[in-house]
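# Topology and contacts: notes
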Amino acid sequence: MKVNMASYVEDLVKCGFLEMKLPRKQRKLTHKIWKRKWFVLRRKSPRGQARLEYYLTEKACSEGKHRTSISLDDLTSVSQAHSRTHSYSFLLVGIEIKLFLSADTEKESLEWIQLIKELVLPEPKLYPSVQAGDIYGLYEVNVIPTEDSDRLELTGNYLITVRKEYLCLHSAKTGERVLEWELDHLPRFRLQRLSQLQDIDKVLTFQAARGCKTGEGHFQFLTQQGREILECVKLQTQKLARLRQHLQHDERHRRPSLDSVPCTRSSENETVDSLTSNSFS
């Protein structure tokens, strides 16, 4: 039975072959110290906590067989390790785990270390001073050139903030606001993976409507925080919609109804009525 591909990639961060140093008990049975297995790194999601899974083979993974899952909740460190036989080894240490792994290349080893750290041991980042106010989220992005980003001379790295009514772009060096898009005029947002097998960077795409200060346009950004940006924008857009509904409701109640307006006659009607009354007297 094959695993559903949509659910397989839903919380996938990285996958690939690694060699794992076996516990002493297993070494006696296999007479091996290291064994090659297929590893899958997964982020926290409705399907479970952040974890590292491994399978006997890649095929076993696709069939959902022989899975072992290691929770990363209690991980305290991940770092390069020294091994006489494996040059690209690294070590995961936690309250209940101590796991030696080794990649095929230094680049692969460093990438696994970086991704695991970002997932469960993120380092605090120092950002330039961004104008204070109603900031609900601050994220790093890199402009992917489009016709409209070229028109606005956007290039390189920026910070994006989600505010009460705007999505704002700031200089990554100074924090100065470069431009802003009204949330009400951003009808389309989309998030794309660069690769089905990795979840490092994503492409954030949105469409600005004609009513935007920047004019109508198509914009793309490369970011590792695409999911967070989408969630923050969605939440703030919903708040704005509820606020508008509340204001419209109050406006309707403040507006006098026809039943509450006193019935009055014009002077012309009053004259006619009086004449009619006199004619019957």
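Structural data are supplied above this passage.
An account of the accompanying structure is given in this report.

Thresholds applied
- Per chain, residues are indexed from 1 in the order of the written sequence.
- Reporting of local features is limited, given that this is a predicted model, to residues whose pLDDT is at least 70; pairs of side-chain atoms are given and counted only at 80 or more, and all residues count toward the totals for whole chains, interfaces and linings.
- As a convention, hydrogens and water are excluded, and side-chain values are obtained from all of the structure's heavy atoms.
- A pairing counts as a salt bridge when a side-chain nitrogen of Lys or Arg comes within 4 Å of a carboxyl oxygen of Asp or Glu.
- What counts as a helix is a DSSP run of H or I of at least four residues, what counts as a strand is a run of E of at least two, and both are numbered from the N terminus.
- Exposure classes here rest on a 1.4 Å probe applied to the protein chains alone. A residue is buried below 20% of its type maximum, exposed above 50%, and partly exposed in between.
- As used here, the term nonpolar core means buried Ala, Val, Leu, Ile, Met, Phe, Trp, Tyr and Cys residues forming a set that is joined through side-chain atoms within 4.5 Å.
- Whether two residues are in contact is decided by their heavy atoms: any pair within 4.5 Å suffices.
- As used in this structure description, the phrase polar contact means that two N or O atoms lie within 3.5 Å; if the pair is within protein, one of them must be able to donate a hydrogen and the other to accept it, and residues adjacent in sequence are counted only when both atoms belong to side chains.
- Between rings of Phe, Tyr and Trp, where Trp is taken as its six-membered ring, a pair exists when centres lie within 6.5 Å; planes separated by under 30 degrees are stacked, by over 60 edge-to-face, and by other angles tilted.

## Here we look at the pattern of salt bridges
Counted according to the given criterion, the structure contains 15 salt bridges. Two residues, Arg 36 and Asp 104, come together in a salt bridge whose shortest N-O distance is 3.1 Å. Placement of the pair is Arg 36 in strand β2 (residues 34–42) and Asp 104 in the loop between β7 (98–102) and α4 (106–120), with a sequence separation of 68 residues. Exposure remark for Arg 36: the relative accessible area of 37% places this residue in the partly exposed category. Asp 104 sits in the partly exposed class, given a relative accessible area of 47%. Among the ionic pairs, Glu 216 bridges to Arg 210, the shortest N-O distance being 3.9 Å. A relative accessible area of 46% places Glu 216 in the partly exposed class.

## Quick look at the nonpolar core
Counting residues in each nonpolar core, the largest one holds 23 residues, and the members touching the most others are Leu 167, Leu 169, Trp 181, Leu 186 and Phe 221. At the level of elements, β8 (135–144), β9 (157–163), β10 (166–171), β11 (177–182), β13 (198–208), β14 (217–223) and α6 (226–254) are the ones that each hand at least two residues to this core. Here the element with the most residues in this core is α6; it accounts for four residues. In contact with Phe 221, not counting residues within four places along its chain, are Val 141, Asn 142, Val 143, Ile 144, Ile 160, Leu 169, Trp 181, Lys 202, Val 203, Leu 204 and Phe 206. By size, the runner-up hydrophobic cluster in this structure holds 21 residues, among which are Leu 18, Ile 70, Leu 92 and Leu 115.

## Quick notes on the side chain of Glu 180
For Glu 180, the location among the structural elements is in strand β11. Glu 180 gets classed as buried once you look at its relative accessible area, which sits at 13%. A distance of 2.5 Å separates polar atoms of two side chains, one belonging to Glu 180 and the other to Arg 177. Only 2.7 Å separates the side chain of Glu 180 from the side chain of Lys 213, close enough to count as a polar contact. Setting aside its immediate chain neighbours within four residues, Glu 180 contacts Tyr 166, Leu 167, Cys 168, Lys 213 and Thr 214.

## A word on the environment of Ser 149
Looking at where Ser 149 falls in the secondary structure, it is placed in helix α5 (residues 147–151). Residue classification places Ser 149 among the buried positions, given a relative accessible area of 2%. Spatially, the C-alpha atoms of Ser 149 and His 218 are 7.8 Å apart, while their sequence positions differ by 69 residues. Among all residues touching Ser 149, those that are not within four sequence positions of it are Val 143, Ile 144, Leu 154 and Phe 219. Within the structure, Ser 149 has its side chain in polar contact with the backbone nitrogen of Thr 146 (distance 2.7 Å).

## Describing unusual backbone geometry
The backbone of His 66 sits at a positive phi, close to 55°, despite the residue not being glycine. Looking at where His 66 falls in the secondary structure, it is placed in the loop between α3 (58–62) and β4 (68–71). In this model, Glu 153 sits at a positive phi of 60°, which is unusual for a non-glycine residue. Relative to the helices and strands, Glu 153 is located in the loop between α5 and β9. Of the residues examined, Glu 153 reaches a relative accessible area of 68% and is grouped as exposed.

## As for the packing of aromatic side chains
Within a pair of aromatic rings, the relevant descriptors are the distance that separates the centres and the angle that separates the planes. Summed over all chains, the structure comprises eight aromatic pairs. Their ring planes at 40° and their centres at 5.3 Å tell us that Phe 39 and Tyr 54 sit as a pair that is tilted. Remark: Tyr 54 occurs in strand β3 (residues 51–55) and Phe 39 occurs in strand β2; sequence separation between them is 15 residues. Judged by its relative accessible area of 14%, Tyr 54 falls in the buried class. Ring geometry for Trp 181 against Phe 221: centres 6.4 Å apart, planes inclined by 75°, an arrangement best described as edge-to-face. Of this pair, Trp 181 sits in strand β11 while Phe 221 sits in strand β14, and the two are 40 residues apart along the sequence.

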